Structure formats: structure tokens, C-alpha cells
Amino acid sequence: MKKLGDELEKNQGDADVRHLNKMIMWSNMCGLVGMLTMGFGVSIIPIAALSTFTFTRWTMIAHHTCHGGYDKCHPNKSRWNRFKFAVGGTWKRMCDWFDWMMPEAWNVEHNNRHHYCLSEIEDPDLVENNLVDLRDLPVPTVFKWMALPLLVTTWKWFYYAPNTYKELKLAKWRKQGKKIPDDVVPSDAVTVRSLIFGGTPFYTFTEFFSVVIGPYLLIHFFLFPMPLLAIGEYMGTGHDMYISAVKNLFLAELLTNFHGFVAIVTNHAGDDMYRFREGCRPYSGSFYLRQVLASVDFWTGSDINDFMHGYLNYQIEHHMWPSLSMLSYKRSQPLVKALCKKHGVPYVQENVFWRTKKTIDIMTGSASMRWFPEEYEKKFLARDAVLELEKKNKKTTLLSDKAMEAVQE
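Residues numbered from 1 in each chain as written. Predicted model: local features only at pLDDT ≥ 70, side-chain atom pairs only at ≥ 80, totals over all residues. Heavy atoms only, no water.

K.L.:
So what exactly am I meant to see when it comes to the overall build of the protein here?
P.N.:
A count of helical and extended segments in the protein gives 18 helices and two strands. If one aligns the C-alpha atoms of the protein with their principal axes, the spans along those axes are about 90 × 55 × 45 Å. Looking at the protein as a whole, 51% of its 409 residues qualify as buried. When contacts within the protein are restricted to residue pairs at least 6 apart in sequence, those whose partners lie at least 24 apart make up 71%. Here the protein displays about 19900 Å² of accessible surface, and carbon together with sulfur accounts for 64% of that area. In the protein, the 47 positive side-chain charges and the 43 negative ones have mean positions that sit 3 Å from each other. (Helix = DSSP H or I, 4+ residues; strand = E, 2+ residues; numbered from the N terminus. Buried < 20%, exposed > 50% of the residue type's maximum accessible area, 1.4 Å probe, protein only. Contact = heavy atoms within 4.5 Å. Areas by Shrake-Rupley, 256 points an atom, 1.4 Å probe, with all protein chains shown as cover. Lys, Arg positive; Asp, Glu negative; His and termini not counted. Charge placed at Lys NZ, Arg CZ, Asp CG, Glu CD.)

K.L.:
Which parts of the structure should I look at to understand the environment of Gly68?
P.N.:
Tracing the backbone shows Gly68 in the loop between helix H3 (44–66) and helix H4 (90–96). Assessed through its relative accessible area of 6%, Gly68 is described here as buried. Gly68 sits 49 residues away from His19 along the chain, and the two C-alpha atoms are 16 Å apart.

K.L.:
Sorry if this is basic, but what is going on with a nonpolar patch on the surface here?
P.N.:
A contiguous nonpolar patch, built from Met25, Met29, Leu32, Met35, Leu36 and Phe224 and spanning about 550 Å² of accessible area, is present on the exposed surface. We classify Met29 as partly exposed; its relative accessible area is 45%. (Patch = residues over 30% accessible without salt bridge, like charges linked within 9 Å, V, L, I, M, F, W, Y side chains within 5 Å. Salt bridge = Lys/Arg side-chain N within 4 Å of Asp/Glu carboxyl O.)

K.L.:
Explain the packing of aromatic side chains to me, please; I cannot follow it from the model alone.
P.N.:
Here the structure, examined in full by the defined rule, presents 29 aromatic pairs. Taken together through their ring pairs, the aromatic side chains of Trp58, Trp97, Trp106, Trp155, Tyr159 and Tyr160 make up a single cluster. (Phe/Tyr/Trp six-rings, centres within 6.5 Å; stacked < 30°, edge-to-face > 60°.)

K.L.:
Explain empty space enclosed by the protein here, please?
P.N.:
If a probe as big as a water molecule is rolled over the atoms, it shows which places are left empty. Applying the stated criterion across every chain yields a total of three cavities of 30 Å³ or more. Taken as a whole, the largest cavity encloses approximately 50 Å³ of empty space. Every residue along the wall of the largest cavity is listed here: Phe276, Ser286, Leu289, Arg290, Leu293, Phe372, Glu377 and Phe380. Of all the secondary structure elements, the ones that give two or more residues to the lining of the largest cavity are helix H13 (285–293) and helix H18 (374–408). (1 Å grid on protein atoms, 1.4 Å probe; cavity = no way out; pocket = protein on both sides within 12 Å on 5 of 7 lines; lining within 4 Å. Points joined across faces, edges and corners; volume = space filled by probe spheres on them.)

K.L.:
Can you help me understand the side chain of His74 in this one?
P.N.:
Relative to the assigned elements, His74 resides in the loop between H3 and H4. Of the residues examined, His74 reaches a relative accessible area of 7% and is grouped as buried. A distance of 3.1 Å separates the side chain of His74 from the backbone nitrogen of Asn76, its partner in a polar contact. Sequence-distant contacts of His74, defined by excluding residues within four places in its chain, comprise Val17, Leu20, Asn21 and Trp80. (Polar contact = N/O pair within 3.5 Å; in protein donor to acceptor, adjacent residues only side chain to side chain.)

The following block contains the structure:
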């Protein structure tokens, strides 16, 4: 698997950049349609267009760029680079990727914690752990289902924004050697509710609002459509166009949350997905195996299908090689599927809506994820350690040989 990933990265080039530009164009067209129509009454056209723009700007463009998918193949290194894109202040955030989450915080939470602790207790996106309160609630399942519409249409600002910021703060604390309070469980999710009613030692609600969600709330929903106030006055419609735009933006927000939930939250949840007790070495045998056993692909194929999935339908391939381009995942998917079949590794690929049902079963406690057998987990980790030692010894031997050759010369 590592060899295949290296080959894919080596072969990335102009075609990958052209494909990225194509997806950017499609995303921007959605944004343009939404912007031009949002002032002419509340309707499905601006709502769907604005929602899709927000969804694709995150899941395709920001997601793969922030992972470094275009670091080596894109000619514009000053922007399309994981250390440059959307980070460095509100203006950069507005130009590259403007959403509820702070990009620097998301890079820590998603690119590091989620990807390299997949389905462990330290995985901040582990649905079964994050929804434990709902799962354990002593009420009939039908009442839990009643809470779902609110959860799936608000999760980005209610859960994801505060929890990603918590991971950023936690990473800084660890780097500084700062002690985490004894009564704080680092793996517990921070939400807007917990911020308001209990607080967190990592930051205040005031800081969270002013740094993370406040700029997006004020600029995206209220300042962005303000030109329509002047246009409305000129056309004799008063404030109607502005009010329509604000309504469309808020309704698009509900829709893009739902769209994001269906395509994102479902990637690693279901009664056929595995959980793990201990961490593993990145890019070891256990690492590659876990990415397959704890991830699911959706239907793949045409660009329009992949666009609407936000290219998250190649989740298995993405988790094995996080820093590749979208086009590389499309190329690799049939190869990975064939390799898994050859070696008897379960490769799950199902319709996204069926996966949504499986995820909801996990959220409500109607089903549970599988635990990878502890005996095999320890066995594979021990094997990883042996292989790593052999690799280091081989490297040391090669260096010694080169040193001897230099002496003899």
C-alpha cells in the first residue's frame, strides 16, 4: 500500500491541477448563482446553490489543500499549500475558506488527531463516543430520533467549531507542557451547550465567539448581503432584497449542515466499522489495515457524483494517503479495492443514504461499532515494532557501509 501511495504521489502533475481548477469552477458557479438570486425572494435555487458552494468549498477544495494534496504539483506555492491556505488571519480565511470552523483549529483536529487516531478513543470525530449521552439516554428510540433534525442541521457550529478549537488549544497546552486539570477528559467533546452551561478550561465563550464563529456569523449572514440594501432602495423595494438574502443564507446553512452530515459524519460509523484500543505507528501495517476497517467508501464514478459527495466517497483511499489529490483517489480506488479483495480485507462500499441510516443507529444506541479483537491488535502492533526495528537496523548497516567505503577511498 505504501508503494502504491508513493507511485500515485510521484505521478501527480498538471492533470491534478486542471481537475482541481475544474472543481473550483463548479463550486464557484454554485456560489455565483446563489449570490445573484438570493435577493429575489426565498426559493430553492439560491438555497441549494449557496449550500452546495459552502459544502464543496470545505469538503473538496479546503479539505484536500489543507492536507497537502497539491503541495508538490500546484505551481502557485504561495496559496495552494497546506501551510498557506486559509491560515494567518480573518482575511485569508475569508478569501480561501470561510466557514464556522477556524482553519488552524480544523487542521489540528482533523489532519492530525482524527487521521492518526482513527476510531481510537483519542479520535475527536468518533461518533459512538461523542454521542454517548444520547446513546445512553433512558428513553424510547423514537424520542432520540426526534432530536436528530436539530442535530444534523446545526452540528457544524454547535459541535464542530468548538471542538476543533478545543483540539487546537489542547495541542498548544501539550506543547507548552501545561497540566490538564484532573477533572477534564481530553477526549470529551466541547459543544456550545457545554461551553454555556459548564465551560471549558481551554477557552472562554467570549474568546470562542470573537475568534471562531463571530466573524463568520456577522460577515457571512449580515455584511455579505448588505449591497442589496442599496440595490433595493434603487429598485424601490426597500429592505426586501436584503431580508430575502439573509433568509436564504440561513436556510442554506441548514441545508449545508444536512448535506455535510450525510457525506462526512457517516464516513466512519456503522455496526460494520471497527474500533481500536491502542494507537499505532503511522504508515505501518496496522495503520493501513485500520484505515480500511474503520472507513467506508460511497458510490464512486462520474465527476458530478463525486462533486456532490465532496470527494469524500473515496474515504478509504484518502485515509491511507491523506496528502494526495482528489484525482489520485479516483485513480486509486479500483486498485485498492482489488488489493483488499485479493488479501481478504473487508472493503465496505455502500450508498451514502444507507450509511446515514447505519450512522443514526450508532448515534441513537440502536447499534454499536465492532471492537477489533484485542489478541490480533496486539499481535499486529508487535509485528509493526519488529519491522520498524529491522528497517532501522538496515538503515544503520547501509550508513556503516557507506562510511567504510569513504574511509577506504
